[in-house]
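# Summary of the model geometry
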Amino acid sequence: MSSNDVFFGRMNDPSSFPFLKGHCGAETARLAKGKSIVALLSISAGEIMENIHDLPVGHIHCSMLAVSAFYKVVADYLLKTETAAICR
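Everything in this summary refers to the structure shown in the same document. (Residues numbered from 1 in each chain as written. Predicted model: local features only at pLDDT ≥ 70, side-chain atom pairs only at ≥ 80, totals over all residues. Heavy atoms only, no water.)

## Considering the overall build of the protein chain
What counts here: Helical segments are the DSSP runs of H or I of at least four residues, strand segments are the runs of E of at least two, and each set is numbered from the N terminus. Any residue under 20% of the maximum accessible area for its type is buried, any over 50% is exposed, and the rest in between are partly exposed; the area is computed with a 1.4 Å probe on protein chains only. Contacts: residue pairs with any heavy atoms within 4.5 Å of one another. Per-residue accessibility takes into account occlusion by the displayed protein chains alone, with areas from the Shrake-Rupley method and a 1.4 Å probe.
A count of helices and strands for the protein chain gives 5 helices and 0 strands. Starting at the N terminus and walking to the C terminus, you meet the elements of the protein chain as α-α-α-α-α. Relative to its 88 residues, the protein chain shows a buried fraction of 23%. Looking at the protein chain alone, contacts between residues at least 24 apart form 57% of all its contacts between residues at least 6 apart. Of the accessible surface of the protein chain, which amounts to about 6,400 Å², a share of 60% is contributed by carbon and sulfur atoms.

In structure tokens:
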């Protein structure tokens, strides 16, 4: 796929869109509730790990995956709303 492709850099298959689940996803959603777009982008994997005290060492990557998926959700929202015009 070339960068000239009309769909380059966009998620076009909603069935493959990332979703939040598990302890890290739930914590990401809890931290996001009621925050502004700018505040949403400040949520970090480290913050998720600090808030989930019983997160096993072998599952630390889950906090990174949850935050990455969440950032994609926010980006998708911005692309689909007029808010994107304000951020440019």
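## So, helix H4 (residues 60-80)
Selection rule: How far a helix is expected to stretch is found by multiplying one less than its residue total by 1.5 Å.
With 21 residues, H4 ought to run about 30 Å at 1.5 Å a step, and its terminal C-alpha atoms sit 31 Å apart, in line with that. Among all positions in H4, only Ser63, Ala66, Val67, Ala69, Phe70, Val74 and Leu78 are buried.

## Remarks on the side chain of serine 63
Let me state the cut-off plainly: Two N or O atoms count as a polar contact when they lie within 3.5 Å, although within protein this holds only if one can serve as hydrogen donor and the other as acceptor, and sequence-adjacent residues are included solely when both atoms are side-chain atoms.
Within the element layout of this structure, serine 63 appears in helix H4. Engagement of the side chain of serine 63 in a polar contact is seen with the backbone oxygen of isoleucine 60, the distance being 2.7 Å. In this view, serine 63 contacts Cys24, Ala45, Ile48 and Met49; residues no more than four positions away in its chain are not counted.

## Overview of a nonpolar patch on the surface
Note the following rule: Without a salt bridge and with relative accessible area above 30%, a residue can belong to a patch; like charges are then joined within 9 Å and nonpolar side chains (Val, Leu, Ile, Met, Phe, Trp, Tyr) within 5 Å. The term salt bridge refers to a side-chain nitrogen of Lys or Arg lying within 4 Å of a carboxyl oxygen of Asp or Glu.
On the surface, Met49, Val57, Ile60 and Met64 cluster together into a nonpolar patch covering about 350 Å² of accessible area. With respect to the helices and strands, isoleucine 60 occurs in helix H4. In this structure isoleucine 60 comes out as partly exposed when scored by relative accessible area, which is 31%.

## Comments concerning the environment of phenylalanine 70
Looking at the secondary structure, you find phenylalanine 70 in helix H4. Separated by 45 residues in the primary sequence, phenylalanine 70 and glycine 25 have C-alpha atoms spaced 8.3 Å apart.

## So, the state of the cysteines
By definition, a disulfide links the sulfur atoms of two cysteine residues through a covalent bond. The test is simple: Count a disulfide wherever a pair of cysteine sulfur atoms falls within 2.5 Å.
The final tally for this structure, using the stated rule, is 0 disulfides. Not part of a disulfide, cysteine 24 finds its nearest cysteine sulfur in cysteine 62, a span of 5.3 Å. The buried category is assigned to cysteine 24, whose relative accessible area is 5%. Given a relative accessible area of 24%, cysteine 62 falls into the partly exposed group.

## Looking at the pattern of salt bridges
Taken as a whole and judged by the stated rule, the model has 2 salt bridges. Where lysine 80 meets aspartate 76, a salt bridge forms, and the shortest distance between an N and an O atom there is 3.3 Å. Here lysine 80 and its partner aspartate 76 are both found in helix H4, 4 residues apart, which amounts to about one turn of the helix.

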